[in-house]
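Understanding the architecture of this molecule
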Amino acid sequence: MTKPRRKDPAAFEIAKNALFKIAEEMRVILCKTAYSPILKSAGDFSCGVFDAEGAMVAQGIDLPIHLGSMPDAVRAIVTAFGGDVHDGDVFIHNDPYFGGSHLPDVNVIRPAFHDGLLLGYTCLRAHWPDVGSATPGSYGAVTEIYGEGLRLPPLRLVAKGVMNADLEKLILANVRTPAERRGDLGAQLAATLRGVQRLQELAQRYGARELVETMAEVMDYSERLMRVALVDLPDGEGTFEDFCDGDGIADDADGNDTRFRVRMHIKKSGDRLVVDFAGSDPQVKGPMNAPLSVTASGVYCGLKMAVDPGSLIPPNSGCWRAISVVAPQASVVNAAFPAPVVYANHEMSHRVADMVMGALAAIWPDRVMACSQGTSAVVTFGGVDPRSGARYVSYETIKGGFGARPNKDGINTIASGISNTMNTPIEVLEMAFPLRVERYAVNPDSGGAGQFRGGCGAVRRWRLLPGADAVGSLCMERMTSPPFGLMGGKAGAAAVVTLTTPDGKSRNLPCKGAFQAPAGSVIDMVTPGSGGFGVPAKRAPEAIGRDLLDGYVTSDGATRDYGVGTPGELLVRARKEG
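None of the values given here were measured: they were computed from a predicted structure.

**A closer look at the packing of aromatic side chains**
Following the criterion strictly, the structure yields 11 aromatic pairs and no others. Ring centres of Tyr392 and Phe433 lie 6.0 Å apart, and the angle between their planes is 40°; on these two criteria the pair is classed as tilted. Here Tyr392, found in strand S13 (residues 391-397), pairs with Phe433, found in the loop between helix H9 (426-432) and strand S16 (435-442); they are 41 residues apart in sequence, far enough to count as distant. The class for Phe433 is buried, based on a relative accessible area of 5%. By way of ring pairs, the aromatic residues Tyr97, Tyr146 and Phe337 are connected into one cluster.

Shown next, in the form of structure tokens:
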């Protein structure tokens, strides 16, 4: 364990919080200046402050999915350019094999100097709704990363304040909505610049070398807190195994998609914890292969929730020094080039974060939660907007259930686990794209039964406007592997997506891949619920009554899942008490 440096505690606390506020201010800048709804409204991005070696010092209130991979993204710049970094430079890349996550997540990285000393970097990773490929939204089921869109290795976008116009033209020539991408890139440049300015102001206030030392101490501080928290928890081992629905590539003449398995073993001893994925399946043909840094992000997310439920430990690279993540090479949790990865970025990290809870249940049963929705439930639409004649790409992540806890119910229809995105407002969506959202509601009986009920999933319906033929794509786990319960709790409801074309014909869509949606088509999505916690027979009757009153459980569900003979009486009682 690192020893505390000699520093005035009050001054350290002020400087530490100032570094985190830099990341938060970067977030505000991006939200106010980005063009695409997935960024300015839904918040699918992360901001961070990094030291000169690429270690994360501070991350904003953004996405846990980026906890493990953003430091690797900045280190890729440090490795690629070494000392050839100058004031006014800006770097860009999105390569999953250089610390990226998947190609739509584009990293803009800017160094911060003060009086010639490199203080560190600011980085903003933003999900671009399209980076090329054969499918609008860049979410097709392909078998190599070459087919997933524009792949940018670590590159210098701006040299000493001068934009590389040729590189910018190359990027914009390979996306479907170049004006929107130019706007989003400009927002990333503005936000990282503000971050650099704030770092320079801190250096001016405290001294450049003092600030660099403080950044190191912030990470050391997180490490000490994490190790102390681990020491206070029981030692032990736990194992968990789960299967994924498929990789999006048909494996037989009938179009069936073969499941594959992920295995996890956790061993906690003293102030160390090791997560080993030995026995997980080899990498698959489709884009469900996670780079190791993506897998680590899922591990860190699950552990942070279990070890630090009060969110007292600042999430940075120091946090994870006590954690080791080991995975077989060329497996679904440690992809080898050129395996495709686009789905795995969120789907595998969701799976891993939930599995951490399952494995830890054997060690810390009072610190874990049942499985949440376990998917980002991504749906994209792309084509030509008949209202303007311009190309468009719509990208959404639809919310589901948040798993039940040892002392309380889950949460309905919310981003869970490694995700922290918001709903894009329906009004914003319908103004921007040629579609209508006709329904978005809680799906009753989708939360797993238990002493504490799992959070419910959602039902959602889109209709494409007249003249708006579209190519859609779907990426959604938990269609055949429902979200598991813990400690006797039952599984939540699985997902279903249906396409109904204007001729009245309906079919269920597979969990991953592209589909044709003629104008007037209707897409109905049922997102997964989440698992329950504890034996359903222990659920308090008054809690079941409130569920009936709120519409989270139906009368049939109360009878089937909780053995209630007269649900009507519980409903009447809940109405009187409410």
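Moving on, there is more to tell.
**Quick word on the sheet that holds strand S10 (residues 272-276)**
Taken together, the 4 strands give an open sheet; going across it, the order is S8-S9-S10-S11, and neighbouring strands pair in mixed fashion. Each end of this open sheet is capped by a strand with a single partner; those strands are strand S8 (236-244) and strand S11 (323-326). Taken over all neighbouring pairs, the strand axes of this sheet differ in orientation by 15° on average, direction set aside. Strand contacts of helix H7 (residues 292-307): S10 and S11, with the helix running at about 140° to S11, the strand carrying the most contacts.

**Digging into the pairing of strand S12 (residues 378-384)**
S12 sits mainly inside the fold: 6 of its 7 residues count as buried. Of the strand pairs in this sheet, S12 and S13 are connected by 7 bridges, and their pairing is antiparallel. Along S13, the bridge assignment pairs Val378 with Thr397. Turn length for the S12-S13 hairpin, with the two strands adjacent in sequence and antiparallel, is 6 residues, and the turn residue Gly389 shows positive phi of about 80°. Here 6 bridges tie S12 to strand S18 (residues 470-475), and the two strands are oriented antiparallel to one another. Residue Val378 lies in a different strand from S18, and its bridge partner there is Cys475.

**What to know about the nonpolar core**
Within the largest apolar cluster, 108 residues are counted, with the highest numbers of intra-cluster contacts made by Leu19, Phe277, Ile323 and Met348. In contact with Leu19, other than residues within four places in its own chain, are Val49, Val57, Ala58, Leu199, Leu202, Leu211, Met215 and Val218. Residues Val379, Ala470, Leu499 and Ile523 belong to the second largest nonpolar core, which totals 24 residues.

**Here's the deal with the pattern of salt bridges**
Working definition: two side chains of opposite charge can pair if their charged atoms are close together. Taken as a whole and assessed by the stated rule, the structure comprises 36 salt bridges. As a salt-bridge pair, Glu438 and Arg463 come within 2.5 Å of each other at their nearest N and O atoms. Residue Glu438 is located in strand S16, and its partner Arg463 is located in strand S17 (residues 458-464); the two are separated by 25 residues in the primary sequence. Arg461 is the salt-bridge partner of Asp524, the closest N and O atoms lying 2.6 Å from each other. Taken together, the residues span a long stretch of sequence, with Asp524 in strand S22 (residues 522-526) and Arg461 in strand S17 at a distance of 63 residues. What you see here is one network of salt bridges that share partners, running through Asp220, Glu223, Arg227, Asp271 and Arg321.

**Considering the side chain of Ser372**
Mapped onto the elements, Ser372 comes out in the loop between helix H8 (344-360) and S12. Classification of Ser372 by relative accessible area gives buried; the value is 3%. Discounting residues that sit within four places of it in the chain, Ser372 has contacts with Asp354, Gly401, Phe402, Gly403, Ser416, Pro483, Gly529 and Ser530.

**Quick notes on the environment of Asn334**
Position of Asn334 relative to the elements: it lies in the loop between S11 and H8. With 51 residues separating them along the chain, Asn334 and Asp385 place their C-alpha atoms 39 Å apart. Look past the residues within four positions of Asn334 in its chain and what remains in contact with it is Ala290, Leu292, Ala327, Pro328 and Gln329.

**Comments concerning the environment of Tyr300**
You can see Tyr300 is positioned in helix H7. For Tyr300, a relative accessible area of 12% puts it in the buried group. Spatially, the C-alpha atom of Tyr300 lies 7.7 Å from that of Ala353, the residues being 53 residues apart in sequence.

**Regarding the packing of helix H10 (residues 541-550) against helix H12 (residues 567-577)**
Orientation of H10 relative to H12, taken along the N-to-C sense of each, is 85°, at an axis distance of 8 Å. Relative to H12, H10 is oriented roughly perpendicular. Note on element contacts: H12 touches H10 through Pro567, Leu570, Leu571, Ala574 and Arg575, opposite Pro541, Ile544, Gly545, Arg546, Leu548 and Leu549. Tallied by class, the residues present in the contact of H10 with H12 amount to 8 nonpolar, 1 polar and 2 charged.

**Focus on unusual backbone geometry**
The omega angle of the peptide bond from Phe337 to Pro338 is 5°, so this bond is cis rather than trans. Located in the positive-phi region is Ala330, a residue other than glycine, with phi close to 55°. The exposure class of Ala330 is partly exposed, given its relative accessible area of 31%. Even without being a glycine, Ala377 presents a positive backbone phi close to 50°. Along the chain, the position of Ala377 falls in the loop between H8 and S12.

**Things to note about H7**
If you check H7, its first and last C-alpha atoms are 22 Å apart, about what 16 residues at 1.5 Å a residue would give, namely 22 Å. With 14 of 16 residues buried, H7 is to be regarded as a mostly interior element.

Reading the values: rules and limits
Residues numbered from 1 in each chain as written. Predicted model: local features only at pLDDT ≥ 70, side-chain atom pairs only at ≥ 80, totals over all residues. Heavy atoms only, no water. Phe/Tyr/Trp six-rings, centres within 6.5 Å; stacked < 30°, edge-to-face > 60°. Helix = DSSP H or I, 4+ residues; strand = E, 2+ residues; numbered from the N terminus. Buried < 20%, exposed > 50% of the residue type's maximum accessible area, 1.4 Å probe, protein only. Pairing = 2+ DSSP bridges. Axes fitted to C-alpha atoms, helices over the stretch in contact; angles between N-to-C directions. Contact = heavy atoms within 4.5 Å. Core = buried A, V, L, I, M, F, W, Y, C linked by side-chain atoms within 4.5 Å. Salt bridge = Lys/Arg side-chain N within 4 Å of Asp/Glu carboxyl O. Parallel < 35°, antiparallel > 145°, perpendicular 65-115°, else oblique. Nonpolar A, V, L, I, M, F, W, Y, C, P; charged D, E, K, R; others polar. Expected span 1.5 Å × (residues − 1).

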